[in-house]
Amino acid sequence: TMASPALLMRVVASAYSVAEKAATIVRNVMAAGDLGIVEKTGANDLQTKADRLVQMSICASLARKFPKVTIIGEEELSTDEVTEELIEDGHCEEILKKSCPAQYTGIKEEELVIWVDPLDGTKEYTEGLLDHVTVLIGIAYGGKAIAGVINQPYYNYEAGPNAVLGRTIWGVLGIGAFGFQLTEAPAGKHIIVTTRSHSSTLVNDCISALKPDSVIRVGGAGNKIIQLIEGKASAYVFASPGCKKWDTCAPEAILHAVGGKITDIHGNSFQYNKEVKHMNSAGVLATLKNYDYYASRIPNTVKQSLVP
């Protein structure tokens, strides 16, 4: 008989189904028309009913199956009022069929940390820029992002009434990443993707110093990493604090699974153990290829302004 799948593969397979359920919640809230918007720290830091329901759904569903895993979500919520219809019990069979990389086969539940961004790109969601929105579930072990799931609830939403809406991308270090077509950005072009709603002099000075051919401004860290792995941008540059561990964990795992690289502006790796501070206070630099080209051109003035 087959040995039962390793814990990591079971967690990823469940996270896949949980992310698909999350996407349904995101679409239902939007369709119902009452977003229930709350300002957290200001007009660029919003929370909607979708953020709240999705986080409850993801955290409660995963905690029920994997009670000893640490789960850290963006929103501060009690899990008392989780109703049964928010629970997703399914898993993706395809993922369970893949063998777990040897270095991860002995992982125990209490060694995993799951970082959840229930709705990355909330501001864009409230403004109807629906293709910017992602649901992020990142899985860390030993402080390192090792697996991730990114769901785009509105992928294809402009492709007409018969298009399949939404998609789920997943990846595990040592296996690869799936659910999209890996594409490199045009050779010799420097296309930078950066923040849409959190611009600043520092952000813009850093980008100018890199002399890009073009700059794409979009919401959501998940969305920006997708721009890299689908070849629409060659570097993701964000010279500012503001990005958090739940923004980068899932995208990092997927980017690293296909050979890319993400660090802070100084070139430091992100740490994802449960005690770590939530803010990525020294910004973000990510590429699928040619990381060193961009890293070597970050101005010292920018580095000095951003303390890890």
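Position numbers for residues start from 1 in each chain and track the written sequence from start to end. Whole-chain, interface and lining totals are the exception, using all residues; otherwise, since this is a predicted model, local features are given only for residues with pLDDT of at least 70 and side-chain atom pairs are given and counted only at 80 or more. The side-chain figures draw on all heavy atoms in the structure; neither hydrogens nor water molecules are used.

Under the annotation held in an unreviewed UniProt entry, the protein chain carries the name 3'(2'),5'-bisphosphate nucleotidase 1 and is attributed to Baryphthengus martii. UniProt positions are given in the numbering used here, feature names are shortened, and annotations may be inferred rather than shown by experiment. As its UniProt record puts it under Cofactor (unreviewed entry), the protein chain is described as follows: "Mg(2+)". Recorded in UniProt under Sequence similarities (unreviewed entry), the annotation for the protein chain is "Belongs to the inositol monophosphatase superfamily."

## Observations concerning the sheet that holds strand β10 (residues 214–217)
At least two DSSP bridges between two strands are required for those strands to pair. What counts as a helix is a DSSP run of H or I of at least four residues, what counts as a strand is a run of E of at least two, and both are numbered from the N terminus. Read from one edge of the open sheet, five strands run β10-β9-β11-β13-β12, paired in mixed fashion. The outermost strands of the open sheet, each flanked by one partner alone, are β10 and β12 (261–263). Taken over all neighbouring pairs, the strand axes of this sheet differ in orientation by 20° on average, direction set aside. Pairing analysis gives two bridges linking strand β9 (residues 191–194) to strand β11 (residues 235–238), with the strands arranged parallel. Pairing of isoleucine 192 across the sheet is with alanine 235, part of β11. Contacts are assigned to residue pairs that have any heavy atoms within 4.5 Å of one another. Only C-alpha atoms enter the line fits that serve as axes; for helices the fit covers just the stretch in contact. Angles between N-to-C directions range over 0 to 180 degrees. Its contacts with the sheet place helix α6 (residues 221–229) against β9, β10, β11, β12 and β13 (284–287), and it is angled at close to 150° to β11. Together, β12 and β13 form the strand contacts of helix α7 (residues 245–257), whose direction differs from that of β12 by roughly 145°.

## Focus on the UniProt feature "binding site: Mg(2+)" (unreviewed entry) in the protein chain
UniProt's entry tags Glu74, Asp117, Leu119, Asp120 and Asp247 with the feature "binding site: Mg(2+)" (unreviewed entry), counted in the numbering of this structure. The largest pairwise C-alpha distance within this set of annotated residues, which runs over 174 residues, is 9.7 Å, so the set is compact in three dimensions. Of note, glutamate 74 is situated in the loop between β3 (70–73) and α3 (93–96). Setting aside anything within four residues of it in sequence, one finds glutamate 74 in contact with Lys40, Gln55, Val116, Asp117, Pro118 and Trp246.

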